[in-house]
Amino acid sequence: MALLPILRFPDPRLHTIAQPVAQVDDRIRRLVDDMLATMYDAEGVGLAATQVDVHERVIVMDTSDSRDQPRVLINPEITARSAEMHVSDEGCLSVPTIYDRVERHARVTVRALGRDGQPYEFEAEGLTAVCVQHEMDHLIGKVFVEYLSPLKRDRIKSKMLKKSREEQSRIRR
Ligand code: NI
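Given the structure is predicted, the values throughout are model-derived calculations rather than measurements.

1. Overview of the pattern of salt bridges
Link 1 in the chain: One pass over the structure, following the stated rule, counts 12 salt bridges.
Link 2 in the chain: Here Glu167 makes a salt bridge to Arg8, at a shortest N to O gap of 3.4 Å. Separated by 159 residues along the polypeptide, Glu167 in helix H3 (residues 150-172) and Arg8 in the segment before helix H1 (26-41) bring together distant segments of the chain.
Link 3 in the chain: Overall, Glu167 belongs to the partly exposed group, its relative accessible area being 23%.
Link 4 in the chain: For Asp53, the salt bridge identified is with Arg13, shortest N-O distance 3.3 Å. With Asp53 in the loop between strand E1 (46-48) and strand E2 (58-61) and Arg13 in the segment before H1, this pair connects stretches of sequence that are 40 residues apart.
Link 5 in the chain: Looking at Asp53, the relative accessible area reads 32%, which means it is partly exposed.
Link 6 in the chain: By relative accessible area, which is 39% here, Arg13 ends up partly exposed.
Link 7 in the chain: One salt-bridge network, in which partners are shared between bridges, spans Asp11, Arg13 and Asp53.

Following this line, the structure appears as structure tokens:
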């Protein structure tokens with residue numbers, strides 16, 4: 001397994017629309033395993049393929065406290081959404097150190113293929129529902145900061161650009 005570099009906002013590649021996976025083969029299983037390793041290493045609860053610059057509909061998640069319940073969603077579709085909405089603080093491995101409030105459906109039903117290529121369906125609520133909606137946004141090129149005001153988004157953009165400049169100069173030194 002390999003750790004994959006994670007794209008950082010405002011990298012324009014984060015706005016790429018992912019294509020459906022044609023076949024769950026060894027290449028996809030390797031991608032899934034690398035994404036899981038990368039997500040656990042970065043201590044995230046979810047990671048979309050878009051974030052590792054692979055533009056296919058693949059998501060990995062683990063919203064358990066014990067960090068041992070990996071969930072793999074290939075070609076995920078939301079088949080039902082609650083009318084009830086819920087606001088919670090979100091963060092993203094592509095926007096490190098930034099957390100802000102986003103409104104999402106409180107519950108969603110999701111259909112996807114697993115790592116074995118078999119279809120399955122589950123109902124998500126709480127953090128899992130937030131995570132599913134957040135990661136599925138990545139697959140359509142949307143980062144959570146796009147739900148915030150343009151002013152906040154611009155501030156975050158400047159902060160991220162400054163952060164990466166500082167990191168670059170540390171690497172060069
Ligand atoms: Ni994210």
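2. As for the nonpolar core
Link 1 in the chain: One finds Ile59, Leu73, Val108 and Val132 to be the most contacted residues of the largest nonpolar core, which totals 16 residues.
Link 2 in the chain: Those elements that provide at least two residues to this core are E2, strand E3 (71-81), strand E6 (107-113), strand E7 (119-125) and helix H2 (126-139).
Link 3 in the chain: Of all the elements, H2 adds the most residues to this core, at five residues.
Link 4 in the chain: Those residues in contact with Leu73, other than ones at most four positions away along the chain, are Arg57, Val58, Ile59, Met61, Val110, Ala112, Leu113, Tyr120 and Phe122.
Link 5 in the chain: Of all hydrophobic cores here, the second largest spans 15 residues; its members include Ile28, Val32, Val58 and Ile74.

3. Thoughts on unusual backbone geometry
Residues apart from glycine generally show negative phi values, whereas peptide bonds are mostly found in trans.
Link 1 in the chain: Between Phe9 and the following residue, Pro10, the backbone shows a cis peptide bond with an omega angle of 5°.
Link 2 in the chain: Its place among the elements puts Pro10 in the segment before H1.
Link 3 in the chain: Positive phi is not limited to glycine here, since Glu43 has a value of about 60°.
Link 4 in the chain: Tracing the backbone through its elements, the reader meets Glu43 in the loop between H1 and E1.

4. Examining the environment of Pro70
Link 1 in the chain: When you line up the elements, Pro70 lands in the loop between E2 and E3.
Link 2 in the chain: A residue is classified by how much of its surface remains accessible, and Pro70, at 46% relative accessible area, is partly exposed.
Link 3 in the chain: Residues Pro70 and Tyr40, spaced 30 residues apart in sequence, show a C-alpha to C-alpha distance of 9.6 Å.

5. Describing the side chain of His138
Link 1 in the chain: Here His138 is to be found in helix H2.
Link 2 in the chain: Beyond its immediate stretch of four places on either side in the chain, His138 contacts Leu14, Thr16, Ala48, Thr50, Gln51, Cys92 and Val143.

6. Re the coordination of the nickel ion
A four-donor tetrahedral metal ideally has 109.5 degree angles, and a six-donor octahedral metal ideally has angles of 90 or 180 degrees.
Link 1 in the chain: Taken together, the protein ligands of the nickel ion are Cys92 (SG), His134 (NE2) and His138 (NE2), with distances of 2.1 to 2.2 Å.
Link 2 in the chain: Sequence spacing of the donor residues for the nickel ion, all on one chain, is C-x41-H-x3-H. Placement of Cys92 in the loop between strand E4 (85-90) and strand E5 (100-105) and of His134 in helix H2 is noted, with a sequence separation of 42 residues between them.
Link 3 in the chain: When its relative accessible area of 6% is taken as the criterion, His134 is described as buried.

Basis of the calculations
- Residues numbered from 1 in each chain as written.
- Predicted model: local features only at pLDDT ≥ 70, side-chain atom pairs only at ≥ 80, totals over all residues.
- Heavy atoms only, no water.
- Salt bridge = Lys/Arg side-chain N within 4 Å of Asp/Glu carboxyl O.
- Helix = DSSP H or I, 4+ residues; strand = E, 2+ residues; numbered from the N terminus.
- Buried < 20%, exposed > 50% of the residue type's maximum accessible area, 1.4 Å probe, protein only.
- Core = buried A, V, L, I, M, F, W, Y, C linked by side-chain atoms within 4.5 Å.
- Contact = heavy atoms within 4.5 Å.
- Donors = N, O, S within 2.8 Å, 3.2 Å for Na, K, Ca; no water.

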